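Fold and contact review
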Amino acid sequence: MTSRSIEYKNKARKKLPETRKFFQRLKKNSPKNIDLIVQSLHEEVFNKLNCLECANCCKILGPLLTDKDIARIATALKIRPSEFTSKLLFLDEDGDYVFKSMPCPFIAEDNYCTIYDIRPKACREYPHTEQPGFIKRLQLMEKNYLFCPAIYEIIEKLKQK
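Let us look at the structure shown here. (Residues numbered from 1 in each chain as written. Predicted model: local features only at pLDDT ≥ 70, side-chain atom pairs only at ≥ 80, totals over all residues. Heavy atoms only, no water.)

As for the pattern of salt bridges
Within this structure, the stated rule accounts for nine salt bridges. In this structure, lysine 87 and glutamate 83 form a salt bridge, with 2.9 Å as the shortest nitrogen-oxygen distance. Of this pair, lysine 87 and glutamate 83 both sit in helix H5 (residues 81–88), four residues apart, roughly one helical turn. Residue classification places lysine 87 among the exposed positions, given a relative accessible area of 53%. Here the salt bridges do not stand alone but share partners, grouping Lys15, Glu18, Glu156 and Lys159 into one network. (Salt bridge = Lys/Arg side-chain N within 4 Å of Asp/Glu carboxyl O. Helix = DSSP H or I, 4+ residues; strand = E, 2+ residues; numbered from the N terminus. Buried < 20%, exposed > 50% of the residue type's maximum accessible area, 1.4 Å probe, protein only.)

This is the structure we're talking about:
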């Protein structure tokens, strides 16, 4: 972990109680246009931030993989889905397929994804701030707030609005 990552994570930890209270208020009384606000903040943050400098999502969090993801990746790797599953995945407590270990087996040393064009749906959608339904994902946002500088920045900007 870089000193920048440690610094960010310490800031996020300190602000987590405040952020939890903010999420509780937001859940009870969110603006009707919350998704548009968050999508706008997403664009603003990602115009300044380079995910390749961090890649915590690929190093720490890991996606859940759907059957379609497994089939698509296995086909590209020229192996059977059952072989892909047995080598790299396990069923977590929620019954979702996830990688057996992190970092992601497909992240390169330079933080580039070696299967970027066929990456799992969860990776394509991360950090889940562009899609509708932000309020439904507050629990996920809280978890990822500690790991993703983009989510941290989006939430901090949202608090100011």
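So, the packing of helix H2 (residues 34–46) against helix H8 (residues 149–160)
Interaxial distance between H2 and H8 falls to 9 Å at its minimum, and their mutual angle equals 125 degrees. In this view, H2 runs oblique relative to H8, as classed from their interaxial angle. When the axes of H2 and H8 are compared, the crossing they make is right-handed. Of H8, the residues touching H2 (which contributes Ile34, Ile37, Val38, Leu41, His42, Glu44, Val45 and Phe46) are Ala150, Glu153, Ile154, Lys157 and Leu158. Split by residue class, the contact of H2 with H8 holds nine nonpolar, one polar and three charged. (Axes fitted to C-alpha atoms, helices over the stretch in contact; angles between N-to-C directions. Parallel < 35°, antiparallel > 145°, perpendicular 65-115°, else oblique. Left-handed = near helix turned anticlockwise from the far one by under 90°. Contact = heavy atoms within 4.5 Å. Nonpolar A, V, L, I, M, F, W, Y, C, P; charged D, E, K, R; others polar.)

Overview of the packing of aromatic side chains
Scanning all chains against the criterion turns up five aromatic pairs. Judged by centre distance (6.1 Å) and plane angle (45 degrees), the rings of phenylalanine 22 and phenylalanine 23 are tilted. We classify phenylalanine 22 as buried; its relative accessible area is 10%. Taken together, the ring pairs connect Tyr8, Tyr145 and Tyr152 into an aromatic cluster. (Phe/Tyr/Trp six-rings, centres within 6.5 Å; stacked < 30°, edge-to-face > 60°.)

Focus: the sheet that holds strand S1 (residues 64–65)
Read across the open sheet, the three strands follow the order S1-S3-S2; overall the sheet is antiparallel. Strand pairing shows two members of the sheet lacking a second neighbour, S1 and strand S2 (89–91), which therefore form its edges. Across two bridges, the pairing between S1 and strand S3 (residues 97–99) is antiparallel. Across the sheet, leucine 65 pairs through a bridge with tyrosine 97, a residue of S3. (Pairing = 2+ DSSP bridges.)

Regarding the side chain of threonine 129
Inspection of the secondary structure assignment puts threonine 129 in the loop between helix H6 (121–125) and helix H7 (138–145). Other than its neighbours up to four places away in sequence, threonine 129 contacts Val38, Gln39, His42, Met141 and Ile154.

Structural notes on the state of the cysteines
Joining two cysteines, a disulfide is a covalent bond between their sulfur atoms. Across all of its chains, the model carries zero disulfides by this definition. Looking at the unpaired cysteine 58, the closest cysteine sulfur is the one in cysteine 57, lying at 3.9 Å. (Disulfide = S-S within 2.5 Å.)

Remarks on the packing of H7 against H8
At their nearest, the axes of H7 and H8 sit 9 Å apart, and the two run at 115 degrees to each other. Seen along the crossing, H7 lies across H8 with a hand that is left-handed. Together, Met141, Asn144 and Tyr145 of H7 and Ile151, Tyr152, Ile155, Glu156 and Lys159 of H8 make up the contact between the two elements. Split by residue class, the contact of H7 with H8 holds five nonpolar, one polar and two charged.

With respect to the side chain of threonine 19
Relative to the helices and strands, threonine 19 is located in helix H1 (residues 3–28). Judged by relative accessible area, which is 0%, threonine 19 ranks as buried. A polar side-chain atom of threonine 19 sits 3.0 Å from a polar atom in the side chain of tyrosine 145. In contact with threonine 19, not counting residues within four places along its chain, are Tyr145, Ile155, Glu156 and Lys159. (Polar contact = N/O pair within 3.5 Å; in protein donor to acceptor, adjacent residues only side chain to side chain.)

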